[in-house]
Amino acid sequence: MTSASASASAASGSAAGTGRTVAVFGAYGHTGRFVVAELLERGYVPLLSGRDAGKLRALAAGVPGAEIRPAPVDDPAALDRALAGADAVINCAGPFALTAAPVIEAALRAGIPYVDVAAEIEANVDTFAHFADRAREAGAVIVPAMAFYGGLGDLLATAAMGDWTTADEATIAYGLSSWHPTEGTRAAGTVSRDRRAGRRVRYTEGRLEYHDGGSTLLKWHFPDPMGTREVVGEFTMADVVTIPSHLAIPEVRTHMATEAARDLAAPDTPAPAADDDEGRSDQTFLVDAVVRSGTSERRATASGRDIYAVTAPLAVEATHRILTGRTRTTGVASAGEIFDAPDFLRALAPHISVELPGS
């Protein structure tokens, strides 16, 4: 597998923030901490916000000069104070069924772009449904699911589509070596399961469908060096919201490596533990996106380390591109619609390695 060139990352600008401020809601969470570190690395000034003032103070102790702005999600005035003077906001606080709408409302009042890292299917559906018209009329930018789940798969599927205007099917297969879920992941999963009354969800015939069927084990042929692996079929993730939001593909499926699915399901699987100086775990991943039209297939893949850590450069790169005018539309838009997908993916070096059609 070839690595995206480091020059593409440099072109994005490691210190391109030039002192602009970005509010991070949920800054003290597992993913939020990675986002704060990435913003600092890129030359942005993070404003630390969230619901727990004590956790914000503890985080700020390790970020010299950091400003903390506690804000309950049910207090619009506090949220307005949290975003005052910010150039953008990244929401890292789940469950997003509870936080997305209030923080988006505050971002609209402040007139600043909103990015989140929501993996919850229903929360992302709500964002598109409730804010699309208002954001478009206001010329605002709202990018949900700008994370490992939802954002990365959408970028890969969009890059794989290339010049195709339609396709019959898109499949995103997740080859995770393991999955040690964070407390936030478990909480969000509980909310999602409750919202769908324990049913499973899939995207078929151009719509989301809830059903009571069981899971199926399949064999998926990942590119080398991973090779053929067992996956849980239709282990549905946020890609079934982001991809169909702008690509004419009536069937979108996501599969998950059985090892990772078992880790997630087990109640005693521990949270991720740092295994390097950057705080990343030893988890590795290979995401394989295959788009089919008739008998023709196109594939795009991404590989790297730690699905939570890699969410930070995804969200921060998105924010950077919005603030520097490198977008294709306004309103509520997924990553593949609002950004140049191949260029975005290449800019993520050295965080991920990508293989795109024609590379």
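Scroll up a little and you will see the structure.
All values derive from a computational prediction rather than experimental measurement. The numbers attached to residues start from 1 for each chain and follow its sequence in the written order. Restriction of local features to residues with pLDDT of at least 70 applies here, the model being predicted, together with a cutoff of 80 or more for giving and counting side-chain atom pairs; totals for whole chains, interfaces and linings are based on all residues. The basis for the side-chain values is all heavy atoms of the structure; hydrogens and waters are excluded.

(A) A look at the packing of aromatic side chains. Any two of the Phe, Tyr and Trp rings considered here, Trp counted by its six-membered ring, make a pair once their centres fall within 6.5 Å; the pair's planes then place it as stacked at under 30 degrees, edge-to-face at over 60, or tilted in between. Enumeration according to the criterion identifies six aromatic pairs in this entry. Ring centres of F148 and Y174 lie 5.5 Å apart, and the angle between their planes is 50°; on these two criteria the pair is classed as tilted. Taken together, the positions of F148 in helix 7 (residues 148–161) and Y174 in strand 7 (residues 169–176) put the pair 26 residues apart, joining distant regions of the chain. In this pair, the class of F148 matches that of Y174, namely buried. Connected via pairs of aromatic rings, a cluster forms that spans F148, Y149, Y174, W179 and F285. Segments assigned H or I by DSSP are reported as helices when at least four residues long, segments assigned E as strands when at least two residues long, and all are numbered from the N terminus. Accessibility here uses a 1.4 Å probe with only protein chains present; expressed as a share of the type maximum, an area under 20% marks a residue as buried, one over 50% as exposed, and anything in between as partly exposed.

(B) Seen up close, helix 10 (residues 258–265). Of all the positions in helix 10, only T258, A260, A261 and D263 are classed as buried. Contacts from the buried residues of helix 10 go to strand 7, helix 8 (183–195), strand 10 (216–221), strand 11 (228–233) and strand 12 (252–257). Residue contacts follow a heavy-atom distance rule, with two residues in contact if any of their heavy atoms lie within 4.5 Å.

(C) Quick look at the pattern of salt bridges. When a carboxyl oxygen of Asp or Glu lies within 4 Å of a side-chain nitrogen of Lys or Arg, that pair is called a salt bridge. Summed over all chains, the structure comprises 27 salt bridges. For R280, the salt bridge goes to E278, with nearest N and O atoms at 3.8 Å. Of the residues examined, E278 reaches a relative accessible area of 56% and is grouped as exposed. Each of D168, E169, R202, R207, E209, E234, E251, R253 and R292 takes part in salt bridges that share partners, so that together they form one network.

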